[in-house]
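Inside the fold
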Amino acid sequence: MKKIFTTLAMIFLLVPGCSSAQKPSPEEQFKKSFPLHSYESFAATSVKGVYEIYNGRQIYYYLPEGDVLFLGSIITKDEKNLTQESQSKKAAAKMAKLDLTKAVKIGNGKTEVVEFIDPNCYYCRLSFNFFKERMNDVTLYVFFFPLNDSSAKKVQHILCSKDPSSTYNEVLSGKLDKESQIPPCENKEAGDILKAHQAAAASVGVRGTPMFYIKGQVVPGFEQAAIEKLLKK
């Protein structure tokens, strides 16, 4: 009987796939199947069998069962966007570490607001009008994320100015929307600052404007109600 048991045990150990040690983890399987995809974090989601991958800019998902990747948002039945929540938490952790000395400082209020904007962006201008009425209570730290050449020209003009705060107000108010009014600027220091802003945007994972960081939380887009709520905390 002992000999039969020993033989059966040996057969069991030799059967492919029977040992849990042989089965790769979802992360190991992902690395093997998608070796060119670098990432910062790999974690299970609340959806069974679905894993969140964050590459430093965006979130996507891995399904080990089908060995496939997919993009998109996971939204619960009560309309909670789990993808956006996770993305905002990751962006907030990075925005908390930004070097604010590289930003354009506007105002001297007690509440600090970090923003990424494009000077031609419609919603950025709505946010400009919103915050200019609150400058007694708010200090803006502005990082520029120009989405086209026209915007980059305006950003360069702001950064070249002897008074960036005043020029920022002129540009965002629309006073310089005719490009002929903007003198050319090729100041190396201004160019270096813009590169620093673009690097900051890349590190945070900014993909659109505006984006705000207020009291430890990220607000993607000009969500006025959410911003007002945070300012009142």
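Overview of the structure. Quantities reported herein were computed from a predicted structural model and do not represent experimental measurements. In this convention, every chain numbers its residues from 1, walking through the sequence in written order. Given that the model is predicted, a residue must reach a pLDDT of at least 70 before its local features are reported, and side-chain atom pairs must reach 80 or more before they are shown or counted; all residues, however, enter totals for whole chains, interfaces and linings. To get the side-chain values, all heavy atoms of the structure are used, and hydrogens and water are removed first.

Let us look at the packing of aromatic side chains. Aromatic ring pairs: the centre-centre distance and the angle between the two ring planes describe each pair. Two aromatic rings from Phe, Tyr or Trp, using only the six-membered ring of Trp, form a pair when their centres are within 6.5 Å; if the ring planes differ by under 30 degrees the pair is stacked, by over 60 it is edge-to-face, and anything between is tilted. Taken as a whole and assessed by the stated rule, the structure comprises 16 aromatic pairs. An aromatic cluster is defined as three or more aromatic residues linked by ring pairs; in this entry it consists of Phe30, Phe34, Tyr39, Phe42, Tyr51 and Tyr62. Placement of a charge over a ring requires the Lys NZ or Arg CZ to be within 6 Å of the ring centre, with the centre-to-atom vector within 35 degrees of the ring normal. The ring of tyrosine 54 carries the charged tip of lysine 90 above its face, separated from the ring centre by 5.6 Å. The side chain of arginine 134 reaches across the aromatic face of phenylalanine 130, ending 3.7 Å from its centre.

A pair is scored as a salt bridge if a Lys or Arg side-chain nitrogen falls within 4 Å of a carboxyl oxygen belonging to Asp or Glu. Tallying each qualifying case throughout the model produces six salt bridges. We note a salt bridge from arginine 125 to aspartate 177, for which the minimum N-O separation is 2.7 Å. Of this pair, arginine 125 sits in helix H4 (residues 122–132) while aspartate 177 sits in the loop between helix H6 (164–172) and helix H7 (188–204), placing them 52 residues apart in sequence. Buried, partly exposed and exposed residues are distinguished by accessible area as a fraction of the type maximum, computed with a 1.4 Å probe on protein chains only: under 20%, between the cut-offs, and over 50%, respectively. Judged by its relative accessible area of 17%, arginine 125 falls in the buried class. One network of salt bridges, with partners in common, ties together Arg125, Lys154 and Asp177. Secondary structure elements follow DSSP: runs of H or I no shorter than four residues count as helices, runs of E no shorter than two count as strands, and numbering proceeds from the N terminus.

Structurally, threonine 167 is set in helix H6. Classification of threonine 167 as buried rests on a relative accessible area of 7%. In this structure the side chain of threonine 167 is engaged in a polar contact, spanning 2.6 Å, whose partner is the side chain of serine 161. Apart from the residues within four sequence positions on either side, threonine 167 is in contact with His157, Ile158 and Ser161. Think of a polar contact as two N or O atoms within 3.5 Å of one another; within protein, one of them needs to be a possible hydrogen donor and the other a possible acceptor, and neighboring residues in sequence only count if both atoms come from side chains. What makes two residues a contact is simply this: any of their non-hydrogen atoms within 4.5 Å.

The next thing to look at is unusual backbone geometry. The step from threonine 209 to proline 210 runs through a cis peptide bond, and the omega angle for that step is -5°. Here proline 210 lies in the loop between H7 and strand S8 (211–214). Even without glycine at this site, glutamate 79 takes up a positive phi of about 70°. Its place among the elements puts glutamate 79 in the loop between strand S4 (68–70) and helix H3 (82–95). Residue glutamate 79 is classed as exposed on the basis of its relative accessible area, which comes to 64%. In the Ramachandran plot, lysine 215 falls in the positive-phi region, its phi being about 50° despite a non-glycine side chain. Mapping lysine 215 onto the fold places it in the loop between S8 and strand S9 (217–220). Relative accessible area serves as the criterion here: at 36%, lysine 215 is assigned to the partly exposed category.

We define the nonpolar core as a collection of buried residues of types Ala, Val, Leu, Ile, Met, Phe, Trp, Tyr and Cys that are connected through side-chain atoms lying within 4.5 Å of one another. Ranked by size, the top nonpolar core spans 30 residues in total, and within it Phe131, Phe144, Tyr168 and Ile227 carry the most contacts. Every residue in contact with tyrosine 168, bar those within four places of it in the chain, is listed here: Ile106, Glu115, Ile117, Phe128, Leu140, Val142, Phe144 and Ile158. Leu98, Phe116, Ala200 and Val204 belong to the second largest nonpolar core, which has 17 residues in total.

Moving on: the sheet that holds S8. Whether two strands pair depends on DSSP finding at least two bridges between them. Sheet architecture is open: five strands sit in the order S5-S7-S6-S8-S9, paired in mixed fashion. In the strand order of this sheet, the two ends are held by strand S5 (104–106) and S9, each with one partner. Adjacent strand axes in the sheet meet at a mean angle of 20° when their direction is disregarded. Note: S8 against S9, four bridges, orientation antiparallel. Bridge pairing links tyrosine 213 to valine 218 in S9. On top of the sheet, H6 reaches S5, strand S6 (111–117) and strand S7 (138–144); it is set at about 80° to S5, its chief contact. Each axis is a line fitted through C-alpha atoms, and for a helix only the stretch in contact is used; angles between axes span 0 to 180 degrees, taken between their N-to-C directions.

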